[in-house]
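Chain by chain, the residues:
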Amino acid sequence: MGNVTLVTGAGSGIGAATCAVLAARGDAVACVDLDGESAERTAAALDGSIALAADVTDQAEVERAVSATAERFGSINNIVTCAGIEIGGHALDVEVDAFRQVVDVNLTGSFLTAQAAARNMRAAGHGGAIVLIGSLNSHVALPSASAYCASKGGVLMLGKSLALDLAPLGIRVNVIGPGVTDTPMSAGSLADPERSAEFMAHIPLRRPAEPAEIARVAAFLTSDDSSYMTGAFVPVDGGWLAS
Ligand SMILES: NC(=O)c1ccc[n+]([C@@H]2O[C@H](COP(=O)([O-])OP(=O)(O)OC[C@H]3O[C@@H](n4cnc5c(N)ncnc54)[C@H](O)[C@@H]3O)[C@@H](O)[C@H]2O)c1
């Protein structure tokens, strides 16, 4: 069976780069995004890929995307959950709706996607690999980012919990912790000289990651080269967490 990989958040940034890296190695890729047009743009540039519109916070939509992928390609054996949002704000001011929205997309969305994919793998009688995108904020907090940091801390423990439950099914689960990565999500911060300088002071490599530098680690974690890895957190952060 060839690799069939479903990528959420495929319309932009790390997700779009992951689709490109995986398609280049020969995967059949399902490019899934809330913004269906951006998913279409990603898929249109890649051989053997399809685009699907789905909101990762909606269980029925996630299950439909997983089923559609398995129907189109015969099975599904990897997922990479890149869908994510950030809504900043001081902890004294952040609105509860914003807090819930961030946790819903980043944490609950990762859970729903992993659960739907793992159920599909179990029904098909084969294992697979699940890669969740956490953050360096799975381990360290930044000011005015309580919802985001809480959601990413949750993704770290979600990955470990899923790894325990899914190991008997031959499904490996690992979490990538990207550092500051040059995508639309971080464009505002990187364009602000003061904020950017604050980031760079934490990063021994003194630059943001390119999205493909995260995507290549996702490719490793969805390959047999990582066959003995599960429950791991892999920082890809230019050294931030080492300092
Ligand atoms: N950029 C960074 O510096 C950085 C650092 C650490 C972690 N991350 C994480 O990497 C992941 C990808 O981020 P990015 O920088 O590529 O961001 P991005 O904004 O470029 O892309 C995120 C994508 O997720 C999609 N999305 C948002 N809500 C969705 C939903 N409910 N359902 C489906 N899709 C949805 C968006 O439409 C967008 O295409 C996120 O989880 C983010 O938290 C990013």
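Please refer to the structure placed before this passage.
Residues numbered from 1 in each chain as written. Predicted model: local features only at pLDDT ≥ 70, side-chain atom pairs only at ≥ 80, totals over all residues. Heavy atoms only, no water.

A. Fine view of the nonpolar core. Membership of the largest hydrophobic core comes to 35 residues, with the highest contact counts inside it found for Leu 6, Ile 79, Ile 130, Leu 132, Leu 162, Leu 166 and Val 173. Going through the elements one at a time, strand 1 (4-8), strand 2 (28-33), strand 3 (49-53), helix 3 (59-73), helix 4 (96-124), strand 5 (128-133), helix 5 (146-166) and strand 6 (171-178) are the ones with two or more residues in this core. With residues up to four places along the chain from it excluded, the contact list for Leu 132 reads Thr 81, Ser 110, Val 155, Leu 158, Gly 159, Leu 162, Val 173, Asn 174, Val 175 and Ile 176. Listed in part, the 23 residues of the second largest apolar core include Ile 14, Val 29, Cys 82 and Leu 221. (Core = buried A, V, L, I, M, F, W, Y, C linked by side-chain atoms within 4.5 Å. Buried < 20%, exposed > 50% of the residue type's maximum accessible area, 1.4 Å probe, protein only. Helix = DSSP H or I, 4+ residues; strand = E, 2+ residues; numbered from the N terminus. Contact = heavy atoms within 4.5 Å.)

B. Summary view of the site of the ligand. With respect to spatial proximity, 28 residues lie near the ligand, and among them Ser 12, Ile 14, Asp 33, Tyr 148 and Thr 183 are the closest. Between the ligand and Ser 12, the relevant distance is 2.6 Å, taken from an oxygen atom to a side-chain nitrogen or oxygen of the residue. Interatomic distance of 2.8 Å between a backbone N/O atom of Thr 181 and an oxygen atom of the ligand. Its free accessible area being 830 Å², the ligand has 90% of it covered by the protein chains. (Near = heavy atom within 4 Å. Polar contact = N/O pair within 3.5 Å; in protein donor to acceptor, adjacent residues only side chain to side chain. Areas by Shrake-Rupley, 256 points an atom, 1.4 Å probe, with all protein chains shown as cover.)

C. Up close: the pattern of salt bridges. This structure, assessed with the given rule, holds four salt bridges. In this structure, the salt-bridge partner of Arg 25 is Asp 27, at a minimum N-O distance of 2.8 Å. Of the residues examined, Arg 25 reaches a relative accessible area of 33% and is grouped as partly exposed. Across the salt bridge formed by Glu 198 and Arg 195, the nearest N and O atoms sit 3.7 Å from each other. With a gap of three residues between them, Glu 198 and Arg 195 both fall in helix 7 (residues 193-202), about one helical turn apart. (Salt bridge = Lys/Arg side-chain N within 4 Å of Asp/Glu carboxyl O.)

D. View of the sheet that holds strand 1. One open sheet holds the seven strands; their spatial order is 3-2-1-4-5-6-7, and the pairing between them is parallel. Bordering the open sheet on either side are strand 3 and strand 7 (233-236), each of which pairs with just one other strand. Adjacent strand axes in the sheet meet at a mean angle of 20° when their direction is disregarded. Examined bridge by bridge, strand 4 (residues 78-81) and strand 5 share four bridges and lie parallel to one another. Across the sheet, Val 80 pairs through a bridge with Val 131, a residue of strand 5. Set on the sheet, helix 5 makes contact with strand 5, strand 6 and strand 7; between it and strand 6 the angle comes to about 165°. (Pairing = 2+ DSSP bridges. Axes fitted to C-alpha atoms, helices over the stretch in contact; angles between N-to-C directions.)

E. Quick look at the packing of helix 1 (residues 13-24) against helix 8 (residues 211-221). For the pair helix 1 and helix 8, the least separation of the axes is 8 Å and the interaxial angle reads 55°. One finds that helix 1 runs oblique with respect to helix 8. Regarding helix 1 and helix 8, the two cross each other, and that crossing is right-handed. Residue-level contacts link Gly 13, Ile 14, Ala 17, Thr 18, Val 21 and Leu 22 of helix 1 to Pro 211, Ala 212, Ile 214, Ala 215, Arg 216, Ala 218 and Ala 219 of helix 8. Residue composition of the contact of helix 1 with helix 8, by class: 10 nonpolar, two polar and one charged. (Parallel < 35°, antiparallel > 145°, perpendicular 65-115°, else oblique. Left-handed = near helix turned anticlockwise from the far one by under 90°. Nonpolar A, V, L, I, M, F, W, Y, C, P; charged D, E, K, R; others polar.)

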